Amino acid sequence: MAKISIVTPTRDRDDLISETIESVIKQTEKDWQMIIVDDHSSAEDETEKVIKSFADERIQYFKLTDENGKGIAAARNFGIMLAETELVTFLDSDDICYPERIELTLKAFSEKKPDLTYGNLKRWDPQTNEETNQLPQFQPGEFDFKRFGEVDYIPMGTVTTKRSILLEYPFNSFFRRAEDYDLLMRLAKRGYKFHYIDHPLIKYRRHEGSITKEKKMLFNYGRMVKNNYQVVKDE
């Protein structure tokens, strides 16, 4: 029986997602469920075919329809609804898990009794296979509410929390970006216990298709989160 559900939103990643899935299959902890939610991939994309080629009953694939929303927040919320376990973790469809990622997470929940865990990461260049540390200003560490109000240093791809919490506080689908920052800020403000796992849990793939490299949008979503935090802090 699965101990944890891995929610992976994806869109047009048929060329990358197999490596992500393989990294989950190679986990030292084998009792997991992986829910892959396809967020409106193009007709040419073959993500479904790639996933089915693994023939692993622990891996489930769903297509997000228009009536279920669109965007990474909606895809994650949909995956959370389908999760069969109380613990839910997140993994983007272009990133890679280190083998002990799930084992270390379950150990932290068992020993530290937190509401939410997160960990470190390595920035990975697939062209050179070079792994480097996170940029200093975004380097994860023990949770500090003041610092988090200034910079989002928690990598969402390392976060695990309880399904019951996520059902009460879902991702805000208004946010095209920084939806993770918004969610984590809301949970932090409500006093949920965050625990830092001082170990790299994922390799963050550096490539041109990454959502964090998209052109600047009309709204600065990260600043909107900070403004919301500032309003609450001053009340």
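The structure this text deals with has already been given above.
Small disclaimer: the values here were computed from a predicted structure and weren't measured.

Caption draft 1: Here's a closer look at helix H7 (residues 179-189). Burial analysis of H7 places 10 of its 11 residues in the buried class, the great majority of the element. When we look at burial in H7, the residues that qualify are Glu 179, Asp 180, Tyr 181, Asp 182, Leu 183, Leu 184, Met 185, Arg 186, Leu 187 and Ala 188. One or two residues past the end of H7 sits Gly 191, with phi positive at roughly 85 degrees.

Caption draft 2: Focus on the packing of aromatic side chains. Tallying each qualifying case throughout the model produces nine aromatic pairs. Ring plane angle 40 degrees and centroid distance 5.4 Å describe the contact between Tyr 118 and Tyr 196, whose orientation is recorded as tilted. Residue Tyr 118 is located in strand E6 (residues 116-125), and its partner Tyr 196 is located in strand E9 (residues 194-205); the two are separated by 78 residues in the primary sequence. Across the pair, Tyr 196 and Tyr 118 agree in class, each one buried. Seen from their ring centres, Phe 148 and Tyr 181 are 5.1 Å apart, and the 80 degrees between their planes marks the pair as edge-to-face. Taken together, the residues Phe 148 in helix H5 (residues 145-150) and Tyr 181 in helix H7 connect sequence positions 33 residues apart. Taken together, the aromatic side chains of Phe 143, Phe 145, Phe 148, Tyr 153, Tyr 181 and Phe 194 make up a single cluster linked through ring pairs. Sitting over the face of the ring of Tyr 153, Arg 147 holds its NZ or CZ atom 3.9 Å from the ring centroid. For the cation-ring pair, Lys 203 lies above Trp 124, with the distance from its terminal atom to the ring centre recorded as 4.4 Å.

Caption draft 3: Representation of the pattern of salt bridges in the model. This model, assessed by the stated rule, comprises 14 salt bridges. A salt bridge links Glu 29 to Lys 3; its shortest N-O distance comes to 3.5 Å. Here the residue Glu 29 occupies a position in the loop between helix H1 (17-25) and strand E2 (32-38), and Lys 3 occupies one in the segment before strand E1 (4-10), the gap between them amounting to 26 residues. For Glu 29, a relative accessible area of 14% translates into the label buried. On the basis of relative accessible area, Lys 3 is assigned to the partly exposed category, the value being 42%. Between Arg 58 and Asp 56 there is a salt bridge whose closest N-O contact spans 2.8 Å. Take Asp 56: its relative accessible area is 17%, and that puts it in the buried class. The structure contains a network of salt bridges with shared partners spanning Lys 3, Glu 29 and Asp 31.

Caption draft 4: The arrangement of the environment of Ala 74 in detail. With respect to the element layout, Ala 74 can be found in helix H3 (residues 72-82). On a C-alpha basis, the gap between Ala 74 and Phe 171 in space is 7.3 Å, while along the polypeptide they are 97 residues apart. Leaving out residues up to four positions away in the same chain, Ala 74 has contacts with Leu 64, Asn 68 and Gly 69.

Caption draft 5: Quick peek at the pairing of E1. Counting buried residues along E1, seven of its seven residues qualify, which places the element largely inside the surrounding structure. Pairing analysis gives seven bridges linking E1 to E2, with the strands arranged parallel. Bridging from a neighbouring strand, Thr 10 pairs with Asp 38 of E2. Regarding topology, H1 serves as the crossover connection from E1 to the parallel E2, and that connection is right-handed.

Caption draft 6: Seen up close, the nonpolar core. If you look at the biggest cluster of nonpolar residues, it comprises 32 residues, and the most contacted ones within it are Phe 90, Tyr 118, Ile 154 and Val 159. Here this core gets six residues from one element, more than from any other, and that element is H7. For Phe 90, the residues in contact, after removing those within four places along its chain, are Val 7, Arg 76, Ile 80, Arg 101, Met 156, Gly 157, Thr 158, Val 159, Leu 166 and Phe 171. Counting 23 residues, the second largest nonpolar core, distinct from the first, contains Ile 6, Ile 21, Leu 87 and Ala 108.

Caption draft 7: Spatial organisation of the environment of Met 34. Here Met 34 lies in strand E2. On the accessibility criterion, Met 34 (0% relative accessible area) is buried. A sequence separation of 57 residues divides Met 34 from Leu 91, and the C-alpha atoms of the two residues are 9.5 Å apart. Apart from the residues lying within four places of it in its own chain, the contact partners of Met 34 are Ile 6, Thr 8, Thr 20, Ile 21, Val 24, Arg 58, Ile 59, Gln 60 and Leu 91.

What counts and how
- Per chain, residue numbering runs from 1 following the sequence as it is written.
- A pLDDT threshold of at least 70 governs which residues receive local features in this predicted model, and a stricter bar of 80 or more applies before side-chain atom pairs are shown or counted, although totals over entire chains, interfaces and linings include all residues.
- Calculation of side-chain values draws on the structure's entire complement of heavy atoms; hydrogens and water are dropped beforehand.
- A 1.4 Å probe rolled over the protein chains alone gives each residue an accessible area, and that area as a share of the maximum for its type sets the label: buried under 20%, exposed over 50%, partly exposed in between.
- Here a strand is any run of E in DSSP of at least two residues, a helix any run of H or I of at least four, and the numbering for each starts at the N terminus.
- Each Phe, Tyr or Trp ring, with Trp reduced to its six-membered ring, pairs with another whose centre is within 6.5 Å; inter-plane angles below 30 degrees give stacked pairs, above 60 give edge-to-face pairs, and intermediate values give tilted ones.
- Charges are assigned to positions over rings by a cutoff of 6 Å between ring centre and Lys NZ or Arg CZ, combined with an angular limit of 35 degrees from the ring normal.
- The working definition used for a salt bridge is a side-chain nitrogen of Lys or Arg within 4 Å of a carboxyl oxygen of Asp or Glu.
- Contacts were defined at the residue level, with two residues in contact if any of their heavy atoms lie within 4.5 Å.
- Two strands make a pair as long as DSSP finds a minimum of two bridges between them.
- Note on handedness: a clockwise path from strand one over the helix to strand two, with the strands aimed away from the viewer, defines a right-handed crossover.
- Nonpolar cores are built from buried Ala, Val, Leu, Ile, Met, Phe, Trp, Tyr and Cys residues. Side-chain atoms within 4.5 Å join them into one set.

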